[in-house]
Amino acid sequence: MMFSSHACSTPIRPIVAAIALLCAPAARAQPPALMPVVTIQAASDDGLGLKREIGAASRSGRAAQDLPASVESLGAASIEARGDVQLKDAVTRTTGLTDISSPGNGIAYSARGFSGNSAIAILENGQRPQVGSGTASYPADPWGYEYIEVLRGPGSVIHGSGTTGATINAVRKAPTRAAAFEAMAGIGAGRALRAGVGASGALGQGGAFRIDAYADRSDGLIERGDARHGKVLASLAYALAPTLDLELQLDHLEQKPQRYFGTPLVNGALARALRRQNYNVGDADIGLDDDKALARLTWRVTPALSVSNELVYMKARRHWRNVESYFYDAQAKLVERSDYIAIAHDQEQAGNRLEARWDAGANRLAAGWEAATINFTHTNNAPYGGASSVAPTGFAPGVFDSPDPLRPDFTTDTVTHALYVEDAYRFSETVLLLAGLRHDRYQVERTSLQGAAGFDATLQSTAARLGLTWRLAPDTSLYGQVSSGSDPVTSLLSLNLANSRYKLTRSRQLETGVKQSLAGGKAEWTAALYRIRKDDIITRDPAKPALSIQGGAQSSRGVEVSASVALAPAWRLEANAVYTDAQFDQLVESGNVSRAGNRPADAPTSSANLWLGYRSGDWRAGGGARYVGARFIDNANTQSLPAYTVLDASVGWQASRHVLVQLNLRNLADKLYASTSYGGSQYLLGARRHAELTVQWRY
């Protein structure tokens with residue numbers, strides 16, 4: 001079976017031309033003005049980022065210290081010092097985020113007892129690609145990003161539905177007129193190679209540019225685990241007039257992820273002897289291509305009022321061809337393979353955001369309108385037949401041979417509209433009130449490409465947030481908030497007829513916490529207590545068990561603590577820990593079996609991170625631990641992933657003013673652990689012990 005990767009179907013040139021034509025009249029209207037000096041508030045790359053603005057949490061421009069919410073940011077320097085190669089490695093060092101990614105869902109997390117891409121929003125520089133069939137693939141690595149922002153709990157007032165657990169935003173490095181260049185090259189175990197370059201500088205009399213390029217490859221230390229990844233991020237900022245600024249972005253990303261869907265359990269446990277094995281077929285294939293183009297005009301009408309219009313286009317092409325299910329037959333001593341799955345996603349999203357901001361007196365007000373159209377086409381070979389048996393080791397992988405043809409299945413056309421308003425009002429020097437309101441409306445039209453019935457569905461939700469921050473002292477804040485949000489019962493873009501009658505779920509949160517900076521920023525710590533309840537999840541009708549209805553409920557409550565402390569001039573300790581008590585309050589599944597009181601899948605009771613860093617002279621070093629508690633893999637709570645602790649370390653030497661050499665060590669104890677499950681008979685194993693040597697240049 002031939003399968004196209006769509007690698008050449010990216011309509012970037014027409015987009016660039018269209019943006020250029022749209023902007024040309026404004027550019028000709030008057031001579032270019034000098035680009036205004038942009039002052040970036042310098043937030044230390046160490047610490048929790050309490051002085052940094054967190055755009056994922058609020059459009060008010062307030063620093064994290066003032067926001068009545070549990071927020072955190074992690075700077076690029078900290079990410080590099082710890083040697084995190086993938087964005088998810090860095091994200092899961094923040095408080096309470098657990099990685100549950102797999103080749104099927106791309107990037108996915110669990111937070112505050114809620115899991116998956118219908119409950120955790122993933123953004124790139126403030127823009128949110130809609131999730132098709134539960135799959136998120138962008139952004140994947142930290143190169144070219146200045147820092148990562150995390151908002152825990154519902155954030156629908158800012159970024160729409162699907163944010164009950166958390167919102168994650170990767171903020172890219174901005175164009176600057178000051179010339180700068182950086183590069184990185186790395187080599188490591190598993191035939192790992194990676195390299196990146198980044199540059200910024202002046203463009204004419206009124207502009208600046210930034211371009212970042214990155215590529216990597218590795219075999220993942222398993223058989224036939226070859227994976228590669230590459231991207232180009234380009235940004236431009238130009239002052240068309242003293243009060244009118246233009247920003248452009250153009251991105252292209254290509255990924256060929258590891259074609260590994262897990263290792264079968266032997267007698268219900270992980271088998272170290274199978275650690276290097278990959279039970280996929282020899283011609284398995286996965287391809288993820290993403291493109292984005294953006295144009296933003298900002299008009300500073302008065303010193304207090306600014307108006308911006310942001311036009312964005314995103315395109316995703318994804319395909320899979322794999323054998324995905326494995327079961328170890330102890331009697332026959334064979335691995336039984338099934339689910340010969342071929343799937344393709346073709347997704348295009350065009351959107352516009354018109355926003356006004358007012359900053360005068362005690363108010364910082366933001367209000368806007370968002371609209372988007374998303375076209376999504378799903379192709380598959382359902383019902384995914386095919387089966388084969390192989391020996392546990394030393395086997396010929398075979399080829400993809402499915403009895404089911406690959407056919408276009410359905411297409412959806414989704415139109416979204418949203419209105420939002422947010423105000424950060426400072427009653428006094430010590431009291432800040434943050435209030436927000438948002439209304440979303442989604443219209444989904446599904447057309448079957450195989451003759452089945454189609455449908456139209458309209459979904460809507462209104463979310464609100466009210467929070468108060470009280471500054472007990474200049475560097476100490478207490479806060480409390482109530483907020484609400486919503487999640488779809490499944491991916492909106494792949495809504496089927498059975499789910500089309502369901503409304504969005506509703507979530508409500510109560511949260512209180514403290515944030516404090518001590519000794520001039522040498523120590524920072526935060527703590528939060530929260531309770532979240534989510535209603536209208538799908539359950540069986542107790543009176544008619546054959547029917548599914550929206551009557552279920554899920555809740556979580558917990559505590560989160562984060563700290564960053566300079567122990568001595570050369571030493572800094574960073575740590576976080578969470579405890580989460582999550583359960584189904586009401587859920588009936590097949591057979592009229594109640595799951596009330598059970599714990600949702602993929603939600604650990606506890607998790608923690610620790611990193612001790614050292615910097616002195618030309619040397620720096622660090623070591624840390626990542627702990628994830630046990631997690632159930634099913635709502636029945638009959639099977640669980642064991643808890644694990646992984647140890648990492650790094651050593652760096654500043655060879656010259658411009659050159660840094662660093663050795664990164666991963667999984668020092670060579671821990672055998674499962675990062676997530678892929679059904680009840682197979683788990684995806686974490687990476688074995690390995691090392692990487694990198695060289696970084698900065699000018």
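Residues numbered from 1 in each chain as written. Predicted model: local features only at pLDDT ≥ 70, side-chain atom pairs only at ≥ 80, totals over all residues. Heavy atoms only, no water.

Points about the overall build of the protein chain
Point 1. Scanning the protein chain from N- to C-terminus turns up four helices and 37 strands.
Point 2. Over its C-alpha trace the protein chain gives a radius of gyration of 25 Å, about what one expects of a compact globule, namely 27 Å for 699 residues.
Point 3. Principal-axis analysis of the C-alpha atoms gives the protein chain an extent of 75 × 60 × 50 Å.
Point 4. The contacts in the protein chain between residues at least 6 apart in sequence include a share of 67% that link residues at least 24 apart.
Point 5. Counting only carbon and sulfur atoms, one obtains 59% of the accessible surface of the protein chain, whose full area is about 28000 Å². (Helix = DSSP H or I, 4+ residues; strand = E, 2+ residues; numbered from the N terminus. Rg over C-alpha atoms; globule rule 2.2 N^0.38 Å. Contact = heavy atoms within 4.5 Å. Areas by Shrake-Rupley, 256 points an atom, 1.4 Å probe, with all protein chains shown as cover.)

Side note on the sheet that holds strand β4 (residues 114-115)
Point 1. Spatially, β2-β3-β4 is the arrangement adopted by the three strands of the open sheet, whose pairing is antiparallel. On the outer flanks of this sheet lie β2 (98-99) and β4, each paired with one strand and no other.
Point 2. In this structure, strand β3 (residues 109-111) lies alongside β4, joined through two bridges in antiparallel fashion. Within the sheet, the bridge partner assigned to Ala 111 lies in β4 and is Phe 114. (Pairing = 2+ DSSP bridges.)

Describing the pairing of strand β30 (residues 619-628)
Point 1. Note that strand β29 (residues 606-616) and β30 share ten bridges and pair antiparallel. Bridge assignment links Asn 609 to a residue of β30, and that residue is Arg 626.
Point 2. In this antiparallel pair of consecutive strands, β29 and β30, the connection spans two residues, and Gly 617 shows a positive phi of 60°.
Point 3. As defined by bridge partners, β30 adjoins strand β33 (residues 644-654) across ten bridges and the pair is classed as antiparallel. Paired with Tyr 627 across the bridge in β33 is Thr 645.

A word on the pattern of salt bridges
Point 1. Counting across every chain of the model gives 49 salt bridges.
Point 2. The residue Arg 471 makes a salt bridge to Asp 66 at a minimum N-O spacing of 2.9 Å. A residue pair is termed long-range when its members are at least 10 positions apart, and Arg 471 in strand β21 (residues 455-473) and Asp 66 in the loop between α1 (12-29) and β1 (70-75) qualify at 405 residues. Residue Arg 471 shares its accessibility class with Asp 66, and that shared class is buried.
Point 3. The closest approach of N and O atoms between Arg 364 and Asp 359, which form a salt bridge, is 3.6 Å.
Point 4. Taking the relative accessible area as the measure of exposure, Arg 364 reaches 23% and is therefore partly exposed.
Point 5. You can call Asp 359 partly exposed: its relative accessible area is 41%.
Point 6. What you see here is one network of salt bridges that share partners, running through Arg 59, Glu 247, Arg 296, Glu 310, Arg 353, Glu 355, Arg 357, Glu 370, Arg 438 and Asp 440. (Salt bridge = Lys/Arg side-chain N within 4 Å of Asp/Glu carboxyl O. Buried < 20%, exposed > 50% of the residue type's maximum accessible area, 1.4 Å probe, protein only.)

A short note on unusual backbone geometry
Point 1. Here the amide bond leading from Tyr 138 into Pro 139 is cis, since omega sits at 0°, within 30 degrees of zero.
Point 2. Residue position: Pro 139 is located in the loop between β5 (120-124) and β6 (145-152).
Point 3. In the segment running from Ala 382 into Pro 383, the intervening peptide bond is cis, with an omega of 15°.
Point 4. With respect to the helices and strands, Pro 383 occurs in the loop between β17 (363-380) and β18 (387-390).
Point 5. Despite not being glycine, Asn 125 shows a phi value in the positive range, around 55°.
Point 6. Mapped onto the fold, Asn 125 is located in the loop between β5 and β6.

As for the nonpolar core
Point 1. Core analysis: the biggest nonpolar cluster contains 22 residues, and Val 91, Leu 97, Tyr 109, Ile 120, Ile 148 and Ile 168 have the highest contact counts within it.
Point 2. For this core, the secondary-structure elements that each account for two or more residues are α3 (87-91), β3, β5, β6 and β7 (166-172).
Point 3. The contacts of Ile 148, once residues within four sequence positions are left out, are Glu 72, Ser 73, Leu 74, Ile 79, Leu 87, Ala 90, Val 91, Ile 168 and Asn 169. (Core = buried A, V, L, I, M, F, W, Y, C linked by side-chain atoms within 4.5 Å.)

Points about the sheet that holds strand β35 (residues 674-677)
Point 1. Read across the open sheet, the three strands follow the order β13-β36-β35; overall the sheet is antiparallel. The two strands at the open ends of the sheet, each matched to only one other strand, are β13 (263-264) and β35.
Point 2. Pairing geometry for β35 and strand β36 (residues 682-685), over three bridges, is antiparallel. Bridge pairing in β36 places Thr 676 opposite Leu 684.

Structural notes on the environment of Ser 556
Point 1. With respect to the helices and strands, the residue Ser 556 is situated in strand β25 (residues 548-568).
Point 2. Separated by 24 residues in sequence, Ser 556 and Thr 580 place their C-alpha atoms 6.7 Å apart.
Point 3. Discounting residues that sit within four places of it in the chain, Ser 556 has contacts with Arg 112, Gly 113, Phe 114, Tyr 530, Arg 531, Ile 532, Thr 580, Asp 581 and Ala 582.

A closer look at the side chain of Ser 461
Point 1. If you trace the backbone, Ser 461 turns up in strand β21.
Point 2. Overall, the relative accessible area of 11% leaves Ser 461 in the buried class.
Point 3. Engagement of the side chain of Ser 461 in a polar contact is seen with the side chain of Ser 486, the distance being 3.2 Å. (Polar contact = N/O pair within 3.5 Å; in protein donor to acceptor, adjacent residues only side chain to side chain.)

A short note on the packing of aromatic side chains
Point 1. This model, assessed by the stated rule, comprises ten aromatic pairs.
Point 2. For the pair Phe 376 and Phe 410, a centre-to-centre distance of 6.2 Å together with 50° between the ring planes defines the contact as tilted. With Phe 376 in strand β17 and Phe 410 in strand β19 (residues 407-426), the pair connects residues that are 34 residues apart, well separated along the chain. Grouping residues by exposure puts Phe 376 and Phe 410 together as buried.
Point 3. An angle of 55° between the planes, with centres 4.7 Å apart, marks the rings of Trp 571 and Tyr 614 as tilted. One end of the pair, Trp 571, is in strand β26 (residues 571-586); the other, Tyr 614, is in strand β29, with 43 residues separating them in the sequence.
Point 4. Given the relative accessible area of 38%, Trp 571 is considered partly exposed.
Point 5. In textbook terms, an aromatic cluster arises when at least three aromatic residues are bridged by ring pairs, as seen for Tyr 279, Tyr 326 and Phe 395.
Point 6. If you follow Arg 446 out to its NZ or CZ, it ends over the ring of Phe 410, 3.7 Å from the centre. (Phe/Tyr/Trp six-rings, centres within 6.5 Å; stacked < 30°, edge-to-face > 60°. Lys NZ or Arg CZ within 6 Å of the ring centre and 35° of its normal.)

Geometric descriptors of this kind do not, in isolation, establish any biological role.
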